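Residues per chain are reported as follows:
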Amino acid sequence: MSETLRRLHSLLRAEDGLIAELLVAQAPVEASRPAALAAGGPRLDGRAKEYELLIEAIYEGYLLHYRSPRVIRPPEQDLGLLAGDRLYALGLARLVALGDIEAVAELADVIALSALAHGADNPELAEAVWAAGARAVGWGSSAAHERAKALTRAGSPQALASMRSASEGAQDA
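Cut-off values and rules
- Residues numbered from 1 in each chain as written.
- Predicted model: local features only at pLDDT ≥ 70, side-chain atom pairs only at ≥ 80, totals over all residues.
- Heavy atoms only, no water.
- Phe/Tyr/Trp six-rings, centres within 6.5 Å; stacked < 30°, edge-to-face > 60°.
- Helix = DSSP H or I, 4+ residues; strand = E, 2+ residues; numbered from the N terminus.
- Buried < 20%, exposed > 50% of the residue type's maximum accessible area, 1.4 Å probe, protein only.
- Lys NZ or Arg CZ within 6 Å of the ring centre and 35° of its normal.
- Polar contact = N/O pair within 3.5 Å; in protein donor to acceptor, adjacent residues only side chain to side chain.
- Contact = heavy atoms within 4.5 Å.
- Axes fitted to C-alpha atoms, helices over the stretch in contact; angles between N-to-C directions.
- Parallel < 35°, antiparallel > 145°, perpendicular 65-115°, else oblique.
- Nonpolar A, V, L, I, M, F, W, Y, C, P; charged D, E, K, R; others polar.
- Core = buried A, V, L, I, M, F, W, Y, C linked by side-chain atoms within 4.5 Å.

(A) Region of interest: the packing of aromatic side chains. Taken as a whole and assessed by the stated rule, the structure comprises 4 aromatic pairs. Here the aromatic rings of tyrosine 59 and tyrosine 62 are separated by 5.5 Å at their centres, their planes lie at 35°, and the arrangement is tilted. Note that tyrosine 59 and tyrosine 62 are positioned in helix α4 (residues 48-66) at a spacing of 3 residues, about one turn of the helix. According to the relative accessible area criterion, tyrosine 62 is buried, its value standing at 0%. Residues tyrosine 62 and tryptophan 130 carry aromatic rings whose centres are separated by 5.4 Å and whose planes lie at 50° to one another, so their mutual orientation is tilted. Here tyrosine 62 is found in helix α4, whereas its partner tryptophan 130 is found in helix α7 (residues 123-139), with 68 residues between them in sequence. Connected via pairs of aromatic rings, a cluster forms that spans Tyr59, Tyr62, Tyr66 and Trp130. Its guanidinium or amino end placed over the ring of tryptophan 139, arginine 135 lies 4.6 Å from that ring's centre, counting from NZ or CZ.

What follows is the structure, given as structure tokens:
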């Protein structure tokens, strides 16, 4: 289990509620790409481990909604959605406590835009949204990233390529 997923697992176990009962015995070894990507950025001012943890929490919430979670195994879909909402809230609350309103807004956009992508049956776009959003949290947003978000909101066929370019750090693609 990665250090960050171990920390998330311990944090959720300490809540000692329904979430703790749904935890898997052992999480995967590797942390998510979005968490590691954000944690490597210069915006985080020595708080990379905290950002990595809170992004893992939010990403696990996303996985509970749309894919296969790593840390929590709900016995039914409705319970998974509730657990996912709890993890979204947990990660965002920790981010608010850090005072990083820019990152709160960015991750709120990631949650909304990945939902739009899944609603359009485009999981590739959802993953690109996560990668670009994580990069914006760690490095700051760019004009290219803001355009990619606008294209995603509009349902443009160019959204995927634009979001991928933003996730690679393109400034004015």
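After presenting the structure, the write-up continues.
(B) The side chain of threonine 152, seen in detail. Note on placement: threonine 152 falls in helix α8 (residues 143-154). Here the side chain of threonine 152 touches alanine 148 through a polar contact of 2.9 Å, landing on its backbone oxygen. Leave out the neighbours within four places in its chain, and threonine 152 touches Leu113, Leu125, Val129, Ala159 and Met163.

(C) How the structure looks around the environment of serine 68. By the element assignment, serine 68 lies in the loop between α4 and α5 (77-98). By relative accessible area, serine 68 is classed as exposed at 55%. For serine 68 and leucine 81, which are 13 residues apart along the polypeptide, the C-alpha to C-alpha distance reads 12 Å. Excluding its chain neighbours within four sequence positions, the residues that come into contact with serine 68 are Leu63 and Arg73.

(D) Representation of the packing of helix α1 (residues 3-14) against α5 within the structure. Between α1 and α5, the shortest axis-to-axis distance is 13 Å and the interhelical angle comes to 105°. Regarding the angle of α1 to α5, the classification is roughly perpendicular. Side by side, α1 and α5 meet where Leu8, Leu11 and Leu12 of the first sit next to Leu87, Leu90 and Arg94 of the second. In terms of residue class, the contact of α1 with α5 is made up of 5 nonpolar, no polar and 1 charged.

(E) Summary view of the nonpolar core. Grouped together as the largest cluster of nonpolar side chains are 34 residues, with contacts concentrated most on Ile55, Ile58, Leu107, Trp130 and Val137. Elements supplying a minimum of two residues to this core: α3 (33-39), α4, α5, α6 (101-119), α7 and α9 (159-167). Ranked by the residues each element gives to this core, the list is headed by α7, at 8 residues. Ignoring anything within four residues of it in the chain, the contact list for leucine 107 reads Leu54, Ile55, Ile58, Leu92, Leu95, Trp130 and Val137. One finds Leu8, Leu22, Val71 and Leu87 within the second-largest nonpolar core, a separate group that totals 15 residues.

Purely spatial values, then, with no claim about function.
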